[in-house]
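A structural walkthrough
Given next are the chains, with one letter for each unit.
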Amino acid sequence: MSQINKLKIFNDPIYGFITIPNALIYDLIQHPYFQRLRRISQMGLSYLVYPGANHTRFHHALGCMHLMQKAVDVLRFKGVSISPEEENALYIAILLHDIGHGPFSHAMERSIVEDVHHEEISLLFMNQLNVEFKGQLSLAIQVFKGEYDRKFMLQLISSQLDMDRMDYLKRDSFYSGVSEGNVNSERLIQMMNVADDVLVIEEKGIYSVEKFLMSRRLMYWQVYLHKTSLVAELILTKVLKRAKELTLKGVQLPCSKPLSFFMENKVTMDTFDAGRLDLFAQLDDFDIIGALKAWQKEDDFILSSLSKMIVNRDLLKIKLTSEKVTLEELQPLKERFAAEHHISLQETNYFIFRGKIKNQAYSKQAEPIRILNKDKTIEDVVDASDQLNLKSLSKSVTKYYICFPKQLL
């Protein structure tokens, strides 16, 4: 296939046309590892609340690459030298930053692939692709790991104001219909610069940064931590835990081969070899949905009940409170449910449980968003802003929840 044929364009509902910058990027997008992202939803089970939220991680990765192209153009225009090799490394690193996400990623990370973070799996995929592409991803991997000497390049990929966040807030806001998240990524990128090797936002862009942080906070409460999506994800985690528990006891559950492998084996970072990575690459949302549909018919009361809840969107009741819920408050509910359904008190933990969620739009502990003042001084956006609300945005807000079956009301 000629080089010219690889310079294709995608039509994106948010940015219009997205161009593929070169043949290597085209080949990476064509790779089965990357094509799998078409079958991984960007927002997990949020479509149970926002019916339009069905977009995929494939969409998002291309959007991030598009924003990175804009950022490189702006920085070069302002005199920041970025070599063709560095430019390519930035495109590859941002394109592949989410490639390690599993189906309904956070539920997977807590139940089937235990204690292996998706970023670690992304790195495994990148290393594997680097072997296949004869070392052409080496610089991108260095940048992604934060080992390259130009600090601002990592900040474009992973920081409190990176291409990833700019794309997902805008994209998730568009597909969910929650307009509060619609950030002005164009304006933010136009205001970017590099000073002392770190990424800065010029002073006149400070209001855009404030709007960005405010949007992030609202999107978390309204969308990502919406109580219905939260309870759906918690139920999915419990289903997968139960399925794994039954499989390890020798119960044969109907599911795809890759899913069955991860249920039968404890996979940790140390045992994640090339063979397991290939199996992981065959897992997507369809394996999980297919399994849930089949498990509705299983004899195990817990597995079938929880699977039905997600398939039919008939979820547990969830209540949010500002006070911590005590175990004593759960006890009478557990005793009633155990008696009604002839299960042990231990098993009621699948249906009646508590927890907490946190929302912090801006962290003072992490790498700050730096504002470049007109007098060339640099300061943290919270100190530079005349808005008191930025101080409150950097406070962590915790809410507690309790989940239980509706019939116990």
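Just so you know, these numbers come straight off a predicted model, no measurement behind them.

Along its length, the chain carries 19 helices and nine strands. Relative to the 2.2 N^0.38 estimate, which gives 22 Å for 409 residues, the radius of gyration of the chain is 23 Å and therefore close to what a compact globule would have. Dimensions of the chain, computed from the C-alpha atoms along their principal axes, are close to 70 × 55 × 35 Å. Per-residue burial over the chain gives 56% buried out of 409 residues. In the chain, of all internal contacts separated by at least 6 residues, the share reaching a separation of at least 24 is 71%. Across the chain, the centroid of the 51 positively charged side chains sits 4 Å from that of the 51 negatively charged ones.

Here the focus is the environment of Leu124. Within the secondary structure layout, Leu124 lies in helix α6 (residues 118–132). Linking Leu124 and Asn11, residues 113 residues apart in sequence, is a C-alpha distance of 30 Å. Those residues in contact with Leu124, other than ones at most four positions away along the chain, are Met269, Phe272 and Leu277.

As a packed pair, α6 and helix α14 (residues 274–281) sit with axes 11 Å apart at the nearest point and diverge in direction by 110 degrees. On the basis of the axis angle, α6 is roughly perpendicular to α14. Once α6 is placed against α14, the crossing between them reads as left-handed. The residues of α14 that touch α6, namely those facing Ile121, Leu124, Phe125 and Gln128, are Ala274, Leu277, Phe280 and Ala281.

With that settled, consider helix α15 (residues 285–295). For α15, the full list of buried residues reads Asp285, Asp287, Ile288, Ala291, Leu292 and Trp295. Buried residues of α15 fall within an arc of 165 degrees about the axis and therefore sit on the same side. Away from its buried face, by an angle of more than 90 degrees, α15 presents the exposed residues Phe286 and Lys293. Check the buried side of α15 and you find it contacts α5 (105–111), α12 (227–248), α13 (257–264) and α16 (301–311). Taking the backbone nitrogen of Phe286 as reference, a side-chain oxygen 2.9 Å away marks Asp284 as the first, capping residue of α15.

On the surface, a cluster of positive charge is made up of Lys324, Arg354, Lys356 and Lys358. The residue Lys356 is located in strand β6 (residues 353–359) in this model.

Per the counting criterion, the structure on display carries 14 aromatic pairs. Ring geometry for Phe261 against Phe262: centres 5.4 Å apart, planes inclined by 90 degrees, an arrangement best described as edge-to-face. Between Phe272 and Phe280, the aromatic rings sit 5.8 Å apart at their centres with planes inclined by 70 degrees, giving edge-to-face as the arrangement. Assigned by exposure class, Phe272 and Phe280 land together as buried.

Our focus in this paragraph is the sheet that holds β6. Taken in spatial order, the three strands make up an open sheet running β5-β9-β6, and their pairing is antiparallel. Of all the strands in the sheet, just β5 (317–321) and β6 have a single pairing partner and so form its edges. Ignoring strand direction, the axes of neighbouring strands in this sheet form an average angle of 25 degrees. Two strands pair when backbone bridges link them, and β6 and strand β9 (residues 397–404) are joined in this way by seven bridges, in the antiparallel orientation.

So, about unusual backbone geometry. At Lys134, a residue that is not glycine, the phi angle is positive and equals roughly 50 degrees. By secondary structure assignment, the location of Lys134 is in the loop between α6 and α7 (138–144). Lys134 gets classed as exposed once you look at its relative accessible area, which sits at 75%. In the Ramachandran plot, Asp196 falls in the positive-phi region, its phi being about 50 degrees despite a non-glycine side chain. On the secondary structure map, Asp196 appears in the loop between β3 (192–195) and β4 (198–202). Since its relative accessible area comes to 70%, Asp196 is described here as exposed.

Conventions we followed
- Residues numbered from 1 in each chain as written.
- Predicted model: local features only at pLDDT ≥ 70, side-chain atom pairs only at ≥ 80, totals over all residues.
- Heavy atoms only, no water.
- Helix = DSSP H or I, 4+ residues; strand = E, 2+ residues; numbered from the N terminus.
- Rg over C-alpha atoms; globule rule 2.2 N^0.38 Å.
- Buried < 20%, exposed > 50% of the residue type's maximum accessible area, 1.4 Å probe, protein only.
- Contact = heavy atoms within 4.5 Å.
- Lys, Arg positive; Asp, Glu negative; His and termini not counted.
- Charge placed at Lys NZ, Arg CZ, Asp CG, Glu CD.
- Axes fitted to C-alpha atoms, helices over the stretch in contact; angles between N-to-C directions.
- Parallel < 35°, antiparallel > 145°, perpendicular 65-115°, else oblique.
- Left-handed = near helix turned anticlockwise from the far one by under 90°.
- Arc of directions from axis to C-beta.
- Polar contact = N/O pair within 3.5 Å; in protein donor to acceptor, adjacent residues only side chain to side chain.
- Patch = residues over 30% accessible without salt bridge, like charges linked within 9 Å, V, L, I, M, F, W, Y side chains within 5 Å.
- Areas by Shrake-Rupley, 256 points an atom, 1.4 Å probe, with all protein chains shown as cover.
- Salt bridge = Lys/Arg side-chain N within 4 Å of Asp/Glu carboxyl O.
- Phe/Tyr/Trp six-rings, centres within 6.5 Å; stacked < 30°, edge-to-face > 60°.
- Pairing = 2+ DSSP bridges.

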